[in-house]
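These are the residues of each chain, in order.
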Amino acid sequence: MAFNLYISHFTPTIITYLLLFTTPSISALNITELLSPYPNLSAFSALLSNSAVASDLSHRSSLTLLTVPNSYLTSPSSVDLTRRLSLSALADLLRYHILLQFFSWSDLQQISPSGILVTTLFQTTGRASSNFGSVNISRDPTTKTVTLHSPAPYSPSNATVLSLVETLPYNITILSVNSLIIPYGFDLMASETLPPLGLNITKALIDGHNFNVAASMLSASGVVEEFEADEGGAGITLFVPTDIAFADLPNNEKLQSLPADKKAVVLKFHVLHSYYPLGSLESIVNPVQPTLATEDMGAGRFTLNISRVNGSVAIDTGLVQASVTQTVIDQKPLAIFGVSKVLLPREFFGKESAVPGKPGNEVIGSAQSPDVSPSPDNSPGFGGPSSHLSSPPGFREDDRSGVDVLGQRSSCIVAALCCIGLLYVLV
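Parameters and conventions
Residues numbered from 1 in each chain as written. Predicted model: local features only at pLDDT ≥ 70, side-chain atom pairs only at ≥ 80, totals over all residues. Heavy atoms only, no water. Salt bridge = Lys/Arg side-chain N within 4 Å of Asp/Glu carboxyl O. Helix = DSSP H or I, 4+ residues; strand = E, 2+ residues; numbered from the N terminus. Buried < 20%, exposed > 50% of the residue type's maximum accessible area, 1.4 Å probe, protein only. Pairing = 2+ DSSP bridges. Phe/Tyr/Trp six-rings, centres within 6.5 Å; stacked < 30°, edge-to-face > 60°. Lys NZ or Arg CZ within 6 Å of the ring centre and 35° of its normal.

Colleague: Would you explain the pattern of salt bridges in this entry?
Modeller: If charged atoms from side chains of opposite charge come close, those side chains can pair. This structure, assessed with the given rule, holds three salt bridges. Here Lys-268 makes a salt bridge to Asp-296, at a shortest N to O gap of 2.6 Å. A residue pair is termed long-range when its members are at least 10 positions apart, and Lys-268 in helix α13 (residues 260-268) and Asp-296 in helix α15 (residues 292-297) qualify at 28 residues. In this structure Lys-268 comes out as buried when scored by relative accessible area, which is 5%. The closest approach of N and O atoms between Glu-282 and Arg-308, which form a salt bridge, is 3.3 Å. On the criterion of sequence distance, the pair formed by Glu-282 in helix α14 (residues 278-282) and Arg-308 in strand β11 (residues 303-309) is long-range, its members being 26 residues apart. Residue classification places Glu-282 among the partly exposed residues on the basis of a relative accessible area of 33%.

Colleague: What should I look at first to understand the pairing of strand β14 (residues 334-339) in this one?
Modeller: The side chains of a regular strand alternate between both faces of the sheet. Within β14, six of the six residues are buried, which leaves the element mostly enclosed by the surrounding structure. In β14, alternate side chains face the same way, and those of Leu-334, Ile-336 and Gly-338 on one face and Ala-335, Phe-337 and Val-339 on the other are all buried. When strand β8 (residues 236-241) meets β14, the two strands line up parallel, connected through six bridges. The residue bridging Pro-241 from the neighbouring strand is Val-339, located in β14. Judged from the six bridges that link them, strand β13 (residues 321-331) and β14 form a sheet pairing that is antiparallel. The residue bridging Asp-330 from the neighbouring strand is Ala-335, located in β14. Hairpin connection from β13 to β14: two residues lie between these consecutive antiparallel strands.

Colleague: Explain the sheet that holds strand β12 (residues 312-316) to me, please; I cannot follow it from the model alone.
Modeller: Strands belonging to one sheet form pairs held by backbone hydrogen bonds; the direction of such a pair is parallel or antiparallel. Overall, mixed pairing links the seven strands, which are arranged β9-β8-β14-β13-β12-β11-β10 in an open sheet. Both outer strands of the open sheet, β9 (271-272) and β10 (288-290), are each paired with one neighbouring strand and no more. Inspection of the sheet shows β12 paired to β13 by three bridges, in the antiparallel sense. Looking across to β13, one finds that Ile-315 is bridged to Ala-322.

Colleague: Got a minute to help me understand the packing of aromatic side chains in this structure?
Modeller: Describing an aromatic ring pair means giving the distance of the ring centres and the angle of the ring planes. Applying the stated criterion to the full structure yields seven aromatic pairs. Judged by centre distance (4.9 Å) and plane angle (75°), the ring pair of Phe-132 and Tyr-184 falls under edge-to-face. Of this pair, Phe-132 sits in the loop between β3 (116-119) and β4 (134-139) while Tyr-184 sits in the loop between β7 (172-177) and α9 (201-207), placing them 52 residues apart in sequence. Their ring planes at 80° and their centres at 6.1 Å tell us that Phe-269 and Phe-302 sit as a pair that is edge-to-face. Taken together, the positions of Phe-269 in the loop between α13 and β9 and Phe-302 in the loop between α15 and β11 put the pair 33 residues apart, joining distant regions of the chain. The pair Phe-269 / Phe-302 is uniform in exposure class, with both members buried. One aromatic cluster is present, built from ring pairs that chain together Tyr-96, Phe-122 and Phe-186. The lysine or arginine in question, Lys-262, covers the ring of Phe-348, its NZ or CZ lying 5.8 Å from the ring centre.

Colleague: Would you take a moment to explain the sheet that holds strand β1 (residues 63-67) for this structure?
Modeller: If you walk across this open sheet you meet the seven strands as β2-β1-β7-β6-β5-β4-β3, and the pairing is mixed. The strands lining the two open edges of the sheet, one partner per strand, are β2 (98-99) and β3. For strand β6 (residues 158-168) and β7, the ladder comprises six bridges, and the chain directions are antiparallel. The residue bridging Leu-168 from the neighbouring strand is Ile-172, located in β7.

Below is the structure:
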């Protein structure tokens, strides 16, 4: 008892200590605030904010940001480039300067001359050709210079690391580079602007009459504000399940019982970070499309397979195949389509599945644990319910009776031996 009291007395202190020293230093990244102490990066910070890329980073916890100082960004060539690009193209160019991996200064000094290939935020959008949305980082052992360029052979665009701006171990590193890096195959002739519609997505769904459940979930989760912000970038395409689709969910799918953060991921799984009218979906070149959930959870995961089946657009998650049933809105840069089923990601709802690399994500929808034999207190004959593990037919009548007969024979043998022993003593 004294030991238990001792433990309970110190438990609050231990818990407080663990909370203080194990909580990540970055909970919601505000990149504009991190750059504010550096006036020489103000132009680059403004580009991040105006293109809505800064909001893309709010949920990121591990990255390396390549910033361009004002003296380089205001050069005639850089100014001409940023003015010539559409807002969506400029946003993708900036995403190319966000490496989805933390590099300390010492990490950079250990990179080999052959270089390493690092995924960028641009690569996760699915709009990069091949792996040209990645960046190759190499280091010259003689000059100690760290260079970044497209992985394409003889890429004309490259940048050199100037200095370390700030490091927040082991989450964020901010480096300054001497120029913007252009991904290989990037469309520099894109000049079309995509003004935001300023549309209330939730209201549009309610007005559609068949999407009340989806509208309620979007409103409660708060992700709809992120969707509306993305209209000003590359545009977005939403696949919204009808009320009937929610009603037809199997009982074993625990969508409503998911924690808020995972429910938000499921909602983002229904959204492509590009504007696709119906005709583009019907003739889409790359059937495997990343979603907004892909950008949050990592490349290669939470993707949708989009194809044309029997004259309609089919969407396959690996667990569910839905079809586009109606067009709610199709006005650039926003497209909203009604779909026949709720799109369930296999990363959450597949058997024996979990989200790799994300601590705390429990297995959801996995196979049930094996049956466990009942304890004696719950076994027949102890006043408890009978076990759900049924015996083979005839077991109690045949096999069990054989056990009883054997027991009776053993008892008879023991009794006979006892009688023999008693007679021996009497004699």
